[in-house]
Amino acid sequence: MHVTALTWGITVLVILGLFVFDFFAHVRTPHEPTFRESGFWSAVYIGIALLFGGFVAWQWGGTYAGEYYAGFVTEKALSVDNLFVFLIIMSTFAVPRIYQQKVLLIGIVLALVMRGAFIAVGAAAISAFSWVFYLFGAFLVYTAIKLLKESGHEVEAEEKRDSRIVRLAKRFLPTTDQYDGDKLVTRIDGRRTVTPLLLALLAIGFADLLFALDSIPAIYGLTEQPYLVFTANAFALMGLRQLYFLIGGLLDRLVYLSHGLAAILAFIGVKLVLHALHENTLPFINGGEHVTVPEISTPISLGVILGILVVATLASLAKTRGAAKSG
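Summary of the structure given here. Think of each chain on its own: its residues are numbered from 1, step by step along the sequence as written. For this predicted model, a pLDDT threshold of at least 70 governs which residues receive local features, and a threshold of 80 or more governs which side-chain atom pairs are given and counted, while totals over whole chains, interfaces and linings are taken from all residues. The side-chain numbers reported here are obtained from all heavy atoms of the structure, hydrogens and water having been left aside.

1. What about the packing of aromatic side chains?
Line of reasoning, step 1. Any Phe, Tyr or Trp ring, taking Trp's six-membered ring, that has another such ring centre within 6.5 Å forms a pair; planes under 30 degrees apart are called stacked, those over 60 apart edge-to-face, and the others tilted. Under the defined criterion, the tally for this structure stands at 17 aromatic pairs.
Line of reasoning, step 2. For the ring pair F52 and Y227, a centre distance of 6.1 Å and an interplane angle of 45° mean the geometry is tilted. Taken as a pair, F52 in helix α2 (residues 35-60) and Y227 in helix α8 (residues 226-237) lie far apart in primary sequence, 175 residues in all.
Line of reasoning, step 3. Throughout, exposure labels follow a simple rule: accessible area from a 1.4 Å probe, protein chains only, divided by the maximum for the residue type, with under 20% read as buried, over 50% as exposed, and the rest as partly exposed. Under the relative-accessibility criterion, Y227 is labelled buried at 2%.
Line of reasoning, step 4. An aromatic cluster is defined as three or more aromatic residues linked by ring pairs; in this entry it consists of W8, F52, F55, W58, W60, Y68, Y69, F72, Y227, F230 and F235. For helices the rule is a DSSP run of H or I covering at least 4 residues; for strands it is a run of E covering at least 2, with both sets numbered from the N terminus onward.

This is the structure we're talking about:
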């Protein structure tokens, strides 16, 4: 897949333009989005992401379009799980609803920047060392196991992490417990002071960093093309702010989402290890020769990922509906 510098440049400019539009059209004036507004713009951004897959198919063929769609679905699913953490952070810092949009948008832009750096590092590592797929695969399986162990205890884990961030920030920065509109920094007695809004943003930024560690190896298990990795991440993050307000009340009902994501990460981890064995050059494995193992195709990967998400969602809704009736 050959992507010219011009194509890269135009793509980055369009994505940045969409974020700038989002800020001036929706975030600049503090307000709490209505259900209708959130639903409309969520649909718009998902539609743009799906149309971009058509552009990929037109320019580079259906195989790469399939890789893009598999990556986009995976990243979108991981992003929905991220929303639960964002919800905890907003609650911990008691961020007023009308100011949450600003924190989310800045946090999403930070997430894209950090993921861009990880994508570049990952692409360089893969280009130089084929054995890096072993590391990615093992890390994803480890992450899946960790996700299962933490399932049901996400609130406690996130609150502990947030308290550490607050203690660290207060050690080096003058802080206040009072909000001053949507300002990140205010003046108290002539002294610049950090507001809780900035502390919430720091917590979200740190969470984004941890999410990037999971998501980038996961998508490199579905495509080795940096352009597809970047665009799938960008379009998955785009519209995440609207999705937060759209399904925020439903997140508590997705009780099996973590289990589903753990299954997806474990599946991609196994896929990466199989690919690493197929491309093996390590001398202590099969004498440095390629190992004949089955490889999982992109259509199968996409089908498995979608299937796991559907089962996890339906099982979650069935369980919470049953619990509501019995209660």
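Now, onward.
2. Notes on helix α5 (residues 132-150)
Line of reasoning, step 1. What a helix should span is 1.5 Å times the count of its residues minus one. With 19 residues, α5 should reach 27 Å at 1.5 Å per residue; the first-to-last C-alpha distance of 27 Å fits that figure.
Line of reasoning, step 2. When α5 is considered as a whole, its buried residues turn out to be V132, F133, Y134, F136, G137, L140, T143, A144 and L147.
Line of reasoning, step 3. Whether two residues are in contact is decided by their heavy atoms: any pair within 4.5 Å suffices. Tucked inside the fold, the buried residues of α5 contact α3 (62-92), α4 (97-128), α7 (196-220) and α10 (257-278).

3. Description of the environment of L140
Line of reasoning, step 1. When you line up the elements, L140 lands in helix α5.
Line of reasoning, step 2. The sequence separation of L140 and L51 amounts to 89 residues, and the corresponding C-alpha distance is 29 Å.
Line of reasoning, step 3. The residues contacting L140, other than those within four sequence positions of it, are D214, P217, A218, L265, I268, G269 and L272.

4. Overview of the pairing of strand β1 (residues 185-188)
In summary, the side chains of a regular strand alternate between the two faces of the sheet.
Line of reasoning, step 1. A pair of strands is labelled paired if DSSP reports no fewer than 2 bridges between them. Pairing geometry for β1 and strand β2 (residues 191-194), over 4 bridges, is antiparallel. Counted as the bridge partner of V185 is V194 from β2.
Line of reasoning, step 2. Hairpin connection, β1 to β2: the antiparallel pair is bridged by 2 residues, and D189 has positive phi, about 55°.

5. Some points on the pattern of salt bridges
Line of reasoning, step 1. Here, a salt bridge means any side-chain nitrogen of Lys or Arg that lies within 4 Å of a carboxyl oxygen of Asp or Glu. Tallied over the full model, the rule gives 2 salt bridges.
Line of reasoning, step 2. A salt bridge links D22 to R241; the shortest N-O distance between them is 2.6 Å. Placement of D22 in helix α1 (residues 5-27) and of R241 in helix α9 (residues 240-247) is noted, with a sequence separation of 219 residues between them. Summarising the burial analysis for this pair, D22 and R241 share the class buried.
Line of reasoning, step 3. In this structure, the salt-bridge partner of E75 is R115, at a minimum N-O distance of 3.2 Å. With E75 in helix α3 and R115 in helix α4, the pair connects residues that are 40 residues apart, well separated along the chain. R115 matches E75 in its accessibility class, with the two residues each being buried.

6. Quick notes on the layout of surface pockets
Rolled over the atoms, a probe sized like a water molecule indicates the empty space that remains.
Line of reasoning, step 1. Using a grid of 1 Å spacing that covers the protein atoms alone, one calls a set of points a cavity when a 1.4 Å probe fits there but cannot get out, and a pocket when the set is open and has protein on both sides within 12 Å along at least five of seven lines; lining residues are those with an atom within 4 Å of a point. Grid points are joined across faces, edges and corners, and a volume is the space filled by probe spheres set on the points. Estimated volume of the second largest pocket: approximately 420 Å³.
Line of reasoning, step 2. Lining the second largest pocket are 16 residues, and of these K76, A77, V80, L243 and L309 lie nearest its centre.
Line of reasoning, step 3. Broken down by secondary-structure element, the contributors of at least two residues to the lining of the second largest pocket are α3, α9 and α11 (298-326).
Line of reasoning, step 4. Per-element accounting of the lining of the second largest pocket gives the leading share, 6 residues, to α11.
Line of reasoning, step 5. Residues are grouped as follows: Ala, Val, Leu, Ile, Met, Phe, Trp, Tyr, Cys and Pro are nonpolar; Asp, Glu, Lys and Arg are charged; every other residue, Gly included, is polar. Per-class residue counts for the lining of the second largest pocket are 13 nonpolar, 2 polar and 1 charged.

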